[in-house]
Amino acid sequence: MIRVAAAGDIHFAPDAAGTLKPHLEHLGEQADLFLLAGDLTRLGTPEEAKALADELSDVEVPMVAVLGNHDYHADQPDELTAVLEGIGVSVLEGTSVVVPVNGTTVGIAGTKGFGGGFVGACGSEFGEPEMKAFMTHSRGLAEQLEACLRALDTDVKIALMHYAPCADTLTGERLEIFPFLGCYLLGEAVDRGGATLAVHGHAHRGTERGLTAGGHHVRNVAQPVIGHAYALYCLPSDGSTADPECPAPASVMAPA
Amino acid sequence: MTGMTESEDLGALTEETRRALAEDPRLGQLDVAITLRGHRALLTGHVVTRDRQDLVAAVVAEHLPGYEIDNAMTILENLPEPSVSEDLGGEHR
């Protein structure tokens, strides 16, 4: 059994200092790894990343992150990445990491991802250079994600991204902005790459649960959606069948 | 051609205010819905702290003078830890 904690869209900054850390105290008892699905900061400054790093510094399980659109706003993604990696967070962009969990291996491939839209209403690399650049960026990140997933030789594979890989988890958002919230190409990458679970954020008014076109689990872990500091998921150790031993979080089982 | 209708005017005003919230260097706030009804401006969406909620209201007030602001945004700070874990096994092979 692999126990996954995940959260996105924390939008952290120094003005929120001290508000997250107390709610991560039991994460190490509840989960084997912690996934951060982008928009970790408000404006993408290293100062905001440092404030978040202070909150995360006592988390005792491996942490893996991707950046989101907010994290790019100050044009300092490398500086943000350095701050987070300084406390041991693996920050992925077209890359992957392998986390050993109780004798099994969990491979996590990550990308920010990008928009474009979904089947029947997706942009294409046609017309003005700006439109071509938009879709080329989206396609390129999806292709990198697929390549990373395919290259993983692990018991379980997880795809981590900021933008959504399917429209299911956008339910609740205005239809007009779907092309800015995700792209079906990410979903194709998840399916072709064989990920057991895809985790994303970005869609604050969306829905937590969905599936890719190929039937792979998708979870929108944006904090406004999950309504908690993080969400918890149990995956079977072989990436396939149900594990009946998946327990409730330790803090829930403890006497009141 | 005539000028914009009143509803088009309000739509443009609302969008200008939303853009100001996104581009304000103190905020970078994208998740705000502004609904104008009569003399009231209803704000919904999510912010991380109460200070940010207040700042959103201040920026909206600058752009929508004369409107009474109903600030119904949800504050996300101090979200609790989860009480359940979802089992994702079973159907996947």
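Residues numbered from 1 in each chain as written. Chains lettered and ligands numbered in written order. Predicted model: local features only at pLDDT ≥ 70, side-chain atom pairs only at ≥ 80, totals over all residues.

J.: Got a sec to walk through the pairing of strand β10 (residues 217–220) of chain A? Specific residues and values, please.
T.: Residue and element names in this part refer to chain A. Side chains H217 and R219 project from β10 onto one buried face, and the interleaved V218 and N220 project onto a second face that is buried too. Bridge count between strand β8 (residues 197–200) and β10: four bridges; the pairing is parallel. Bridge pairing links V199 to R219 in β10. With three bridges joining them, strand β9 (residues 209–211) and β10 adopt antiparallel strand pairing. Within β10, the residue paired with R209 across the bridge is R219. (Buried ≥ 20, exposed ≤ 12 C-beta atoms within 10 Å, placed from the backbone. Helix = DSSP H or I, 4+ residues; strand = E, 2+ residues; numbered from the N terminus. Pairing = 2+ DSSP bridges.)

J.: Pulling in residues and values, what's your account of the interface of chain A and chain B?
T.: Taken residue by residue, the interface counts 36 residues in chain A and 24 residues in chain B. Every element with two or more residues in the side of chain A that touches chain B is listed here: α7 (223–226), β11 (231–235) and α8 (250–253) of chain A. Counting residues per element, the side of chain A that touches chain B draws most heavily on β11(A), which supplies five residues. Broken down by class, the residue content of the side of chain A that touches chain B amounts to 17 nonpolar, 15 polar and four charged. One ladder, built from two bridges, connects β11(A) with strand β5 (residues 86–87) of chain B; its direction is parallel. (Contact = placed C-beta atoms within 7 Å. Nonpolar A, V, L, I, M, F, W, Y, C, P; charged D, E, K, R; others polar.)

J.: Hey, could you go over the sheet that holds strand β2 (residues 33–37) of chain A for me, with residue numbers and the actual values?
T.: On the basis of which strands lie adjacent, the open sheet formed by six strands has the order β4(A)-β3(A)-β2(A)-β1(A)-β11(A)-β5(B) and mixed pairing. If you trace the sheet from one side to the other, it starts and ends with β4 (90–91) of chain A together with β5 of chain B, each paired once. Of the pairings in the sheet, the one linking β2(A) to strand β3 (residues 63–66) of chain A comprises four bridges and is parallel in character. Looking at the pairing, A:F34 lines up with A:M63 of β3(A).

J.: Mind laying out the packing of helix α2 (residues 46–56) of chain A against helix α3 (residues 77–85) of chain A, listing which residues take part and the relevant values?
T.: Residue and element names in this part refer to chain A. Running from N to C, α2 and α3 point in directions that differ by 20°, and their axes come no closer than 9 Å. Judged by the inter-axis angle, α2 sits roughly parallel to α3. Helix-helix and strand crossings are classified by hand; for α2 and α3 the assignment is right-handed. Residue-level contacts link P46, A49, K50 and A53 of α2 to E79, L80, V83 and L84 of α3. Partitioned by chemical class, the residues of the contact of α2 with α3 number six nonpolar, no polar and two charged. (Axes fitted to C-alpha atoms, helices over the stretch in contact; angles between N-to-C directions. Parallel < 35°, antiparallel > 145°, perpendicular 65-115°, else oblique. Left-handed = near helix turned anticlockwise from the far one by under 90°.)

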